[in-house]
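# Summary of structural features
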Amino acid sequence: MTTTITKTTPYDDQKPGTSGLRKKVKVFQQPKYLENFVQSIFDSLEDFQGQTLVIGGDGRYFNRKAIQIIIKMAAANGFGELIIGQGGLLSTPAASNIIRKYNAFGGIVLSASHNPGGPEEDFGIKYNVGNGGPAPEKLTDKLYENTKTITGYKKSRFGDIDLDVIGEVEKGGVKIRIIDSVADYAELMAKIFDFELLKQSIHNGFITLRFDAMHAITGPYAKHILEDTLGAAQGSVFNAVPLEDFGGGHPDPNMAHAHELCEIMFGADAPTFGAASDGDGDRNMVMGANIFVTPSDSLAIMAANAKLIPAYAKGISGVARSMPTSQAVDRVADKLSLPCYETPTGWKFFGNLRDADKITICGEESFGSGSNHVREKDGLWAVLFWLNLIARKRESVADIVHEHWQKYGRDIYCRHDYEAVDSDIANGIVEHLRSQLNSLPGKSWGNYEVKFADEFSYTDPVDGSVSSNQGIRVGFVNGSRIVFRLSGTGTVGATLRIYLERYERDVSKHDQDAQVALAELITIAEQLCEVKKRTGRTEPDVIT
Ligand code: VG1
Ligand code: CO
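Residues numbered from 1 in each chain as written. Chains lettered and ligands numbered in written order. Predicted model: local features only at pLDDT ≥ 70, side-chain atom pairs only at ≥ 80, totals over all residues. Heavy atoms only, no water.

### Points about the coordination of the cobalt ion (ligand 2)
Condition: Here the coordinating atoms are restricted to nitrogen, oxygen and sulfur within 2.8 Å of the metal centre, or 3.2 Å for Na, K and Ca, and because water is not among them the sites may look incomplete.
Those protein atoms acting as donors to the cobalt ion (ligand 2) are S113 (OG), D278 (OD), D280 (OD) and D282 (OD), and they sit at 2.0 to 2.1 Å. If you list the donors of the cobalt ion (ligand 2) from N- to C-terminus, the spacing comes out as S-x164-D-x1-D-x1-D.

Right under this line is the structure:
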């Protein structure tokens with residue numbers, strides 16, 4: 001095998017965001033762009049010679065091409081074995097599982113998650129460490145430094161590997177294994193949930209379901225588990241074939257983008273359960289007949305009912321949520337006397353807590369939840385959790401949610417996104433917010449008196465690392481909150497996210513529409529950040 005070292009010069013825009021590096025495909029197609037980033041990953045790692053690297057992606061445009069490049073670079077850099085999902089496909093949670101199960105050194109996951117795909121759209125790449133989770137900040141910082149000083153990359157010369165045939169080949173001392181993308185993950189799910197109960201509940205018609213795979217990676221996983229294993233009717237999983245451009249859609253499971261599912265779930269003869277997942281299979285949207293479950297509520301309900309699921313029957317060690325996620329899960333933790341952690345946005349911050357068994361279940365408002373079974377968020381896991389819950393409680397989704405609100409009160413919640421905002425304007429908004437922080441406490445709008453205003457900073461309780469500038473929080477005396485932060489996953493301009501939350505104890509007011517219930521907070525948010533005034537927009541691009 002010949003290995004070559006090719007000279008290169010740095011690109012100045014390879015700073016990883018909330019979840020890896022995401023750019024337009026055209027950016028990744030620039031000469032040596034991907035190579036620079038991959039070599040910078042390898043240069044930030046130590047002692048991986050002869051070890052195993054897992055590679056897989058969500059199947060979007062450029063996936064196969066990128067994998068062929070990464071294979072040759074991993075070989076040249078000295079990995080001993082590469083494990084790759086068939087067709088180059090691995091969902092993010094499946095990749096996390098494979099890294100853990102086969103004691104790999106780490107993995108490279110190719111995905112831009114919920115961002116659209118295709119030649120004109122987005123591509124992404126991230127590195128996961130040996131626990132199966134996203135690289136922690138200290139590693140991504142080092143990797144970013146490497147991208148700024150890189151002078152060359154290593155690549156082996158051999159022909160492309162056939163990614164479609166399961167089996168093993170050896171190329172110049174490197175073992176390359178193409179594995180079934182679904183089997184290991186399906187096996188793990190069967191260990192966590194009561195598959196026999198689910199089969200019965202589906203067989204006897206108590207549970208009917210529809211799953212929108214949005215032409216993304218979960219199609220094959222959901223078909224195998226929900227239809228072939230648990231016996232849901234053929235066709236229950238729709239948009240099931242992963243496409244390079246996700247059928248032209250936006251593979252983000254929310255009411256704005258998964259509209260096909262919403263029509264079914266709010267239509268006549270809606271099934272008992274509906275769900276959708278995103279580009280790389282780590283997000284989930286949960287619905288029942290005529291009801292959408294807010295991700296923050298879903299997390300709280302899962303934590304409150306974990307004991308009904310076989311894997312968590314003995315109890316859970318603690319819970320965590322990202323800072324902008326509603327405080328619903330805090331109320332559950334309080335009642336169950338469980339530790340509850342508030343982390344910055346992004347799954348890399350849950351890794352240490354799970355490794356140290358400080359938490360078992362965690363989640364984010366952005367349609368992501370998971371447990372210690374892997375180190376990523378996991379869309380199908382959440383779907384199976386809900387199905388298992390419905391089957392055990394023998395109640396509808398709506399009843400489960402209303403019962404929960406009755407017991408704990410409802411944290412009425414929503415998020416407003418202003419996308420592709422000019423970066424200077426967005427930075428101006430953040431500066432403007434920052435400049436008000438000291439003067440806000442004590443200020444009132446009607447019933448809303450500011451209790452605290454700060455910029456969120458997090459100290460990891462396990463390794464003591466500090467992450468600052470993680471979003472601006474304005475908390476009110478009545479428990480309501482407004483949070484502002486800029487997205488770290490977008491590829492065009494800046495995206496401003498405004499998170500709004502208000503607690504309602506009164507059961508007679510639980511059925512309100514969130515936009516109506518949050519109207520006052522929405523007005524206060526605009527007064528604070530002036531996004532409409534500064535951008536000339538009249539409304540958010542997406543409301544979730
Ligand atoms: C968004 C979400 C965040 C999530 C991240 C990755 O990040 O808000 O909660 O962890 O996407 O999800 P940001 O920085 O754009 O707000 V995924 O499904 O893209 O891996
Ligand atoms: Co995702």
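### Some points on the layout of surface pockets
As a reminder, the rule being used: Here a cavity denotes a set of grid points, spaced 1 Å apart and computed over the protein atoms alone, in which a 1.4 Å probe fits but from which it cannot get out, and a pocket denotes an open set meeting protein on both sides within 12 Å along at least five of seven lines; residues with an atom within 4 Å of a point are reported as lining. Grid points are joined across faces, edges and corners, and a volume is the space filled by probe spheres set on the points. A run of H or I in DSSP counts as a helix once it spans at least four residues, and a run of E counts as a strand once it spans at least two, with each numbered from the N terminus. Under the grouping applied here, Gly and all other residues not named as nonpolar or charged are polar, the nonpolar ones being Ala, Val, Leu, Ile, Met, Phe, Trp, Tyr, Cys and Pro and the charged ones Asp, Glu, Lys and Arg.
Within this model, the largest pocket holds a volume of roughly 1100 Å³. As for the largest pocket, its lining consists of 43 residues, and the residues nearest its centre are G17, T18, L486, S487 and G488. Of the residues forming the lining of the largest pocket, the biggest block, six residues, is contributed by helix α15 (residues 423-436). Across the lining of the largest pocket, the residue classes tally to 14 nonpolar, 17 polar and twelve charged. Approximately 520 Å³ is the volume found for the second largest pocket. Surrounding the second largest pocket, 26 residues form its lining, M255, F292, T294, R410 and A514 being those nearest its centre. A per-element tally of the lining of the second largest pocket places helix α14 (residues 397-408) first, with four residues.

### Quick notes on the site of ligand 1
Our working rule: Whether a residue is near a molecule or strand depends on its heavy atoms: it is near if one of them lies within 4 Å of it. In protein, a polar contact requires one atom able to donate a hydrogen and another able to accept it; more generally it is a pair of N or O atoms within 3.5 Å, and residues adjacent in sequence count only if both atoms are side-chain atoms. In this description, a molecule resides in a pocket or cavity if more than half of its atoms sit within 2 Å of the grid points defining it.
Taken together, 22 residues lie near ligand 1, and T18, S113, S366, T489 and R497 sit nearest. H114 places a polar side-chain atom, nitrogen or oxygen, 2.9 Å from an oxygen atom of ligand 1. Spatially, ligand 1 is embedded in the largest cavity. Residues that form the shell around ligand 1 fall into these classes: one nonpolar, ten polar and eleven charged.

### Quick notes on the sheet that holds strand β24 (residues 472-476)
Backbone hydrogen bonds are what pair the strands of a sheet, in a parallel or an antiparallel way. Applicable threshold: Should DSSP find at least two bridges between two strands, the strands are regarded as paired.
Taken in spatial order, the seven strands of this open sheet run β20-β21-β24-β25-β26-β19-β27, and their pairing is antiparallel. For this open sheet the edge positions go to β20 (444-445) and β27 (542-543), each flanked by a neighbour on one side alone.

### Observations regarding the side chain of S366
This is how the line gets drawn: Here, residues are in contact when the closest pair of their heavy atoms is within 4.5 Å.
Note on placement: S366 falls in the loop between β17 (361-364) and β18 (368-371). If sequence neighbours within four positions are ignored, S366 has contacts with R283 and R415.

### Section: the UniProt feature "domain: Alpha-D-phosphohexomutase alpha/beta/alpha" (unreviewed entry) in the protein chain
Spelled out, the test is: UniProt positions are given in the numbering used here, feature names are shortened, and annotations may be inferred rather than shown by experiment.
Residues annotated by UniProt as "domain: Alpha-D-phosphohexomutase alpha/beta/alpha" (unreviewed entry) correspond here to residues 14-151, 184-287 and 296-408. Across residues 14-151, helical content stands at 38% and strand content at 22%; the span's end C-alpha atoms are separated by 15 Å. End-to-end, the C-alpha atoms of residues 296-408 are 13 Å apart, and along that stretch the chain is 44% helix and 14% strand.

### What about the environment of T8?
Of note, T8 is situated in the loop between β1 (2-7) and β2 (21-24). In contact with T8, other than residues within four places in its own chain, are K32, N36, I150, T151, G152 and Y153. Among the polar contacts made by the side chain of T8, one reaches the side chain of N36 at a distance of 2.7 Å.

### Quick notes on the pattern of salt bridges
For clarity, the cut-off: Basic side-chain nitrogens of Lys or Arg form a salt bridge, by our definition, when they fall within 4 Å of a carboxyl oxygen of Asp or Glu.
Counted under the stated rule, the structure contains 39 salt bridges. Between E365 and R415 there is a salt bridge whose closest N-O contact spans 3.2 Å. Here E365 is found in the loop between β17 and β18, whereas its partner R415 is found in strand β19 (residues 410-421), with 50 residues between them in sequence. When the shortest N-O distance is used, the salt bridge between R434 and E455 registers 2.8 Å.

### Structural notes on helix α7 (residues 195-203)
The line we're drawing: The buried label applies to any residue whose accessible area, calculated with a 1.4 Å probe on protein chains only, is under 20% of its type's maximum; exposed applies above 50%, and partly exposed to all values in between. By definition, the arc is the one covered by directions from the helix axis to the C-beta atoms.
Of all the positions in α7, only F195, L197, L198, S201 and I202 are classed as buried. An end-on view of α7 places all buried positions within 155° of arc, on one side of the element. Buried residues along α7 sit in contact with α6 (183-192), β10 (209-212), α8 (218-229) and α13 (379-393). Where α7 ends, the next residue or the one after it, G205, has phi of about 85°, a positive value.

### Focus: the nonpolar core
In plain terms, the rule: Here, nonpolar core refers to any group of buried Ala, Val, Leu, Ile, Met, Phe, Trp, Tyr and Cys residues whose side-chain atoms link them within 4.5 Å.
Counting residues in each nonpolar core, the largest one holds 73 residues, and the members touching the most others are M189, L226, F273, W381, L384, F385 and W386. At eleven residues, the largest contribution of residues to this core is made by α13. Among all residues touching L384, those that are not within four sequence positions of it are M189, F193, F195, L198, I225, L226 and L230. Among the nonpolar cores identified, the runner-up in size contains 42 residues, and F28, A66, L139 and I176 belong to it.

### Topic: the sheet that holds β17
Definition in use: Only the contacting stretch of a helix is used when fitting its axis, a line to C-alpha atoms as for every element, and angles between N-to-C directions run 0 to 180 degrees.
Pairing within the open sheet is mixed, and its four strands lie in the order β16-β15-β17-β18. Each end of this open sheet is capped by a strand with a single partner; those strands are β16 (340-343) and β18. In this sheet, adjacent strand axes meet at a mean angle of 15° when their direction is disregarded. Bridge analysis of strand β15 (residues 319-322) against β16 gives four bridges, and the strand direction is parallel. Paired with R321 across the two strands is E342, which belongs to β16.

### Things to note about the pairing of β18
Side chains of β18 alternate between two faces, with G368 and G370 and S369 and S371 buried alike. Summarising the sheet, β17 and β18 pair through four bridges and their orientation is antiparallel. Looking at the pairing, C362 lines up with G370 of β18. Between β17 and β18, which pair antiparallel and follow one another directly, the connecting turn spans three residues, one of which, F367, has a positive phi of 70°.

### A look at the domain arrangement of the protein chain
For clarity, the cut-off: Where each domain starts and ends follows an automatic or database-derived domain assignment. Two parts lose some accessible area (1.4 Å probe) when they are put together, and adding that loss for both gives the buried area.
Split by domain assignment, the protein chain resolves into domain 1 (3-181), domain 2 (185-408) and domain 3 (410-543). A C-alpha centroid distance of 26 Å is found between domain 2 and domain 3. On the domain 3 side, the residues contacting the 30 residues of domain 2 number 26 residues. Summing both sides of the interface, domain 2 and domain 3 together bury roughly 2400 Å²; the carbon and sulfur share of this comes to 55%. Together, M323, N352 and W405 form the three largest contributors to the area buried by domain 2 at its contact with domain 3, with a combined 24%. Between domain 2 and domain 3 we count 14 residue pairs in polar contact (both at pLDDT 80 or more) in total. Put simply, the parts of the chain that give the side of domain 2 that touches domain 3 at least two residues each are α10 (295-305), α11 (328-335), β16, α12 (351-355) and α14. It is α14 that provides the largest number of residues to the side of domain 2 that touches domain 3, a total of five residues. Broken down by class, the residue content of the side of domain 2 that touches domain 3 amounts to eleven nonpolar, twelve polar and seven charged.

### Points about the packing of aromatic side chains
Applied cut-off: A pair of aromatic rings is counted whenever rings of Phe, Tyr or Trp (Trp by its six-membered ring) have centres within 6.5 Å, and the orientation is called stacked for planes under 30 degrees apart, edge-to-face for over 60 and tilted otherwise.
Under the definition given, this model contains 18 aromatic pairs. Taken together, a centroid distance of 5.1 Å and an interplanar angle of 80° make the contact between F28 and F123 edge-to-face. Of this pair, F28 sits in helix α1 (residues 25-28) while F123 is found in strand β6 (residues 122-128), placing the two residues 95 residues apart along the sequence. In this pair, the class of F28 matches that of F123, namely buried. Ring centres of Y312 and F385 lie 6.1 Å apart, and the angle between their planes is 20°; on these two criteria the pair is classed as stacked. One end of the pair, Y312, is in the loop between α10 and β15; the other, F385, is in helix α13, with 73 residues separating them in the sequence. Across the pair, exposure class does not vary: Y312 and F385 are buried alike. In this structure an aromatic cluster arises from ring pairing among Y11, F28, Y33, F62 and F123.

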